[in-house]
Each structure stands twice: as C-alpha cells, then as structure tokens.
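# Survey of secondary and tertiary structure
Residues per chain, in single letters:
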Amino acid sequence: MSEQRVITDPVELLNKIEELHPSDIAYSLKKIHSDNSATFFETIKKIPEEFLGEVILELPEYLREDVYEELSIKKLTEAVDELDSDDATDIIQEIEGIDQNKAKEVFEGLEEEDQEEINWLKRYNQDEAGSYMQTELFSANIKESIQDSINRLKEGKEKDELENIHQVFIINDDKKLLASILLEDLIIFDFSKTYEEILSSHEENKFRPFVVQDKDDIDDVAKQFEKYDLSVVAVVGYQGMLMGRITSDDILDVIEENATEQMYQLAGVDDDFEHDDNLFTIAKKRGFWLFLNLGTAILASLVIGLFDETIQSYVALAILMPIVASMGGNAGTQTLAVMVRQMALGDIDFDNSKSAIKKEVVISLLNGLVFALVIGLIAWVWFDKALLGLVIAMSMIINLFSAGFFGASIPLLLKRFDIDPAIGSTVLLTTVTDIVGFFSFLMLAKVILL
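These notes cover the structure that comes with them. Here the structure is a predicted model, which means the values were calculated and not measured.

## Some remarks on the packing of aromatic side chains
Applying the stated criterion across every chain, the model contains seven aromatic pairs. Between Trp382 and Phe383 the ring centres are 4.8 Å apart and the planes differ by 20 degrees, which places this aromatic pair in the stacked class. Residue class for Phe383 comes out partly exposed when judged on its relative accessible area of 25%. When the centroid spacing of 5.1 Å and the interplanar angle of 85 degrees are considered together, the rings of Phe405 and Phe406 count as edge-to-face. For Phe406, a relative accessible area of 30% corresponds to the partly exposed category. Three or more aromatic residues joined by ring pairs form one cluster here, namely Phe401, Phe405 and Phe406.

Structure below.
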C-alpha cells in the first residue's frame, strides 16, 4: 500500500471517505487505533453506512469484535443492509458469536427478503461453497429477449442492487442453469433475439458455464479459480438449480487464510489465539508446541549421551556436531515446506507420492554430496585430521538423505491418518534429523576414529 493512502487524521479521513477504497480506510483506522483506541471508535461511528459494512470486513478480526460491541444496533443494521448477501451473512454470524441478542435485533431490522437470503446462506457449513456465494447475480430466462434482460440489468445497477457483473446466467423455467454469456460477448448480439435463439445458433459448449455445487469444499473451488484463472463461478444446487455465484475476491480471502494457517501451523502457532488480549493465553498455546520440542531435544541429548566417552576422547566432535544437525534440519524444512504447500494445492497426492519422494531424496542427496565435500575439507584443514573430514562428510550425506526422505514422507503419512500435515510435521522432522544426525556422526566417529 502506498503511503499517501494512509490517513491518520480522523477529520481528514472522514472528509476523503468517498475517495478511498474500503481496504485503505480500514488500514488507516488500524493506524488510528494503534495511536488512540478511543479516537478509533469515535471515527468509525461517523463513517457513512454505505461504506461502513465493507470497511468493517476489511478490519482484522480482533478489531471487528470490538466494533460490533461498540456500534449501535441501528448503525450495524444500516451497515449490513448495504452489503451483498454473503458479506451480510458473515457479519451477522460474527455478531452472533459475540452477542446473540444484538445479532437478533440487527437481523430483525433488515428487510424480509434480506432475512430470507441470510437464513438460506447460514445453512451451509463454513467450508462449503454455499457459505461463500452471494445470491445477487444477473440471470435471464432462456425465452427472454436480450433487450429485456439488459433493461433489468440497468435498473438493478441504478438501484445499486448489482455490482461486479461479468456475465449473464441463462436459466430455464425451473431455474436450472443452462449457459453463461460474458457481457463482452453479449453486446455483439442482436438485442431483439431471445437467449434461446442465440444458444441454438452456436455450438453446444460455446457458452458452457463454470459450475460448482453448493456443498463442494471451498478449497476445491479455490483450486478451480487458480487453475482456470476465473473471476466468478456459478453455484448450483439440487438438479442444477442456480443458487448464486462466488467471485474472485472471496476466493482470494480463502487462499490468504489457508496460506496464513499453514504458515502458523508449521511454526506451531495458532492464529485464533495470536490476537487475544490475554498474553497468558497466547503463551500457553505456544508453550504446548515448545513443550513438544523440548521432548524432542531431550531425545537428541540422550543419543549424544550414549557417546559421551567418544566425545571426551575427541573434543573436535563437540564442535562439529551442531553443523550436521543444523544442515539436516534446514534441508528437511525446505522439503517439508514444498511438500505441504504442494499437497495443499493438490499437486501431490498418494497416487504420485513415490515420484515426489524420489525427487526430494535425489535433491537432498545431491546437496549432501556437495556439502559433504565442503565440510569434509573444512574439518580436515581445521583439525588437521583427514579421517575426521571423512566422518563428517559421510554423516552429512546420511543426514541430508534422511531429511529429504522423511521431509517428504512425514506429511504424506500424517495425511493418511487424517492429520493436518502442517500441524505435526515440523516436530517429527526435527526429531528425526537431530537423532539421525547426532547418531550417524558419533557412531561413525567411534568406529573410524577410535
């Protein structure tokens, strides 16, 4: 974001509110909140209702909760009334999580048609495509003329009932989705013709729409958006009935949430707790993963303890040990990150897992050979002992091999047992690379050097 879009003066922000995008307004409000929370609430109460809903949705979750508590029922109702059905549903559900009575009053203040749409969307689970769709769209009956439908589109735009319209969805009398025509294609046709005439004069699949079922997993829908560079997809229900549409802005949010979740989980951090005001709660949640890491560190230390006499006989081993473990850990983390991400994108599954594991093992072995030569020569020159260079070189190859193999295998194994690979992979991998690294290095030293 460019600096000129950030306005930290509340008066100036309110004066320029119509010139700014909701995300810019939200970003400016975050800056104001960091300086003075009281000023933040005073400012957000003065934001016009036609902008307020979209601005709230752009705020971080921990700020949205405070805003819902602070704003009046009337203000929230007017803000929700300005939103598309999917966004309105999101806000109502978020308010319900904080204050059910307040959510009920906001909901009852909406028009009956809006209430029906929200109730319809609330039926879907959070991971289903239906929960992300908006019911506002441009559709036309197959027997309708293009001119009549264009007139309805104009009327809808004038009343601000429709936005981000890219195509017209063609349906029959039973509301079954038949086709989809981009507006840029629609304008070249004879407006006096019906959609039935247009469709019959072109090949069957010319206007075949991209469709997802309302019960489809939203992550699978996101993959379709990425694969086919889509801006919108139609959502259908029973017997192909058109239910709504999902636009790219919602999918971008899904992709961002998934990426953030994976990043936090790989680090043993829970995003749900990170914005908690209670520092003890955050520390407790992080401490669980640190406790597991402590356990793995103790296991590695026990392995070292098995070779205490070897280390005492050859002090140089204590100096070089961390190098082997560190290289194995970093190589494993690289493999792990690649595997978890590709599994999330659907590029790797159990059908092609063997080739994926083989690829990562080969890469790790190639790196192992290179760095074995490097560290072997360094150890030889450093301690003037050729056999010591041989020991650490062989250990480096062994540990990088294990890093590649287990870095690729552990996520797949966890997935097989229906465990999120991003959650437990790091702890398990660290255990393997530390133990294999220390054991191989010290055992080889015991056999070769002593």
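Continuing now.
## Quick word on the packing of helix α6 (residues 73-81) against helix α8 (residues 100-108)
Here α6 crosses α8 at 55 degrees, and the two axes come no closer than 9 Å. Classified by the angle between their axes, α6 and α8 sit oblique to one another. Relative to α8, the crossing made by α6 is right-handed. The residues of α8 that touch α6, namely those facing Ile73, Leu76, Thr77 and Val80, are Lys102, Glu105 and Val106.

## Focus on the pattern of salt bridges
Side chains bearing opposite charge may pair, as long as their charged atoms lie close to each other. Summed over all chains, the structure comprises eleven salt bridges. Note that Lys16 is salt-bridged to Glu12, the shortest N-O span being 3.1 Å. Taking relative accessible area as the criterion, Glu12 reaches 31% and is therefore assigned partly exposed.

## Let's talk about the side chain of Ser85
Note on placement: Ser85 falls in helix α7 (residues 85-98). Side-chain polar atoms of Ser85 contact the backbone nitrogen of Thr135, separated by 2.8 Å. Filtering out sequence-adjacent residues up to four positions away, Ser85 remains in contact with Glu117, Leu121, Met133, Gln134, Thr135 and Glu136.

## Section: helix α5 (residues 61-70)
Helical geometry note: an α-helix holds 3.6 residues per turn, so side chains three or four residues apart project in the same direction. Every buried residue of α5 is accounted for by Leu63, Arg64, Val67 and Tyr68. The buried residues of α5 occupy an angular sector of 140 degrees when projected down its axis, which confines them to one face. The secondary structure elements touched by the buried residues of α5 are α2 (22-35), α3 (37-45), α4 (49-58), α6, α7 and α8.

## Notes on the environment of Ile311
Take Ile311: it is sitting in helix α17 (residues 308-313). Along the primary structure Ile311 and Ala445 are separated by 134 residues, whereas in three dimensions their C-alpha atoms are 9.0 Å apart. In contact with Ile311, other than residues within four places in its own chain, are Ile304, Leu317, Ala318, Met321 and Leu442.

## Focus on the nonpolar core
Grouped together as the largest cluster of nonpolar side chains are 33 residues, with contacts concentrated most on Ile25, Leu29, Phe40, Ile44, Ile47, Ile56 and Leu59. Those residues in contact with Ile25, other than ones at most four positions away along the chain, are Leu13, Ile17, Leu20, Ile47 and Val55. Val324, Ala325, Ala372 and Ala403 belong to the second-largest nonpolar core, a separate cluster that totals 27 residues.

## A closer look at unusual backbone geometry
Look at Lys175: it is not a glycine, yet its phi comes out positive at around 65 degrees. Relative to the helices and strands, Lys175 resides in the loop between β2 (167-171) and β3 (177-182). Of note in the backbone geometry, Asp229 takes a positive phi value of approximately 50 degrees without being a glycine. By the element assignment, Asp229 lies in the loop between α13 (218-228) and β5 (232-236).

## Quick notes on the sheet that holds β3
Taken together, three strands build an open sheet; the order of strands is β1-β2-β3 and the sheet is mixed. Looking along the sheet, the strands with just one partner apiece sit at the ends: β1 (139-141) and β3. Strand after strand, the sheet turns through a mean of 30 degrees between neighbouring axes, direction not considered. Judged from the five bridges that link them, β2 and β3 form a sheet pairing that is antiparallel. Bridge assignment links Ile171 to a residue of β3, and that residue is Leu177.

## Description of the layout of surface pockets
Volume-wise, the second largest pocket comes out at about 260 Å³. Contributing to the lining of the second largest pocket are 17 residues, with Gln167, Ser180, Leu182, Arg208 and Phe210 lying nearest its centre. When its residues are assigned to classes, the lining of the second largest pocket shows ten nonpolar, three polar and four charged.

How each quantity is defined
- Residues numbered from 1 in each chain as written.
- Predicted model: local features only at pLDDT ≥ 70, side-chain atom pairs only at ≥ 80, totals over all residues.
- Heavy atoms only, no water.
- Phe/Tyr/Trp six-rings, centres within 6.5 Å; stacked < 30°, edge-to-face > 60°.
- Buried < 20%, exposed > 50% of the residue type's maximum accessible area, 1.4 Å probe, protein only.
- Axes fitted to C-alpha atoms, helices over the stretch in contact; angles between N-to-C directions.
- Helix = DSSP H or I, 4+ residues; strand = E, 2+ residues; numbered from the N terminus.
- Parallel < 35°, antiparallel > 145°, perpendicular 65-115°, else oblique.
- Left-handed = near helix turned anticlockwise from the far one by under 90°.
- Contact = heavy atoms within 4.5 Å.
- Salt bridge = Lys/Arg side-chain N within 4 Å of Asp/Glu carboxyl O.
- Polar contact = N/O pair within 3.5 Å; in protein donor to acceptor, adjacent residues only side chain to side chain.
- Arc of directions from axis to C-beta.
- Core = buried A, V, L, I, M, F, W, Y, C linked by side-chain atoms within 4.5 Å.
- Pairing = 2+ DSSP bridges.
- 1 Å grid on protein atoms, 1.4 Å probe; cavity = no way out; pocket = protein on both sides within 12 Å on 5 of 7 lines; lining within 4 Å.
- Points joined across faces, edges and corners; volume = space filled by probe spheres on them.
- Nonpolar A, V, L, I, M, F, W, Y, C, P; charged D, E, K, R; others polar.

Purely geometric stuff here, so don't read any function into it on its own.
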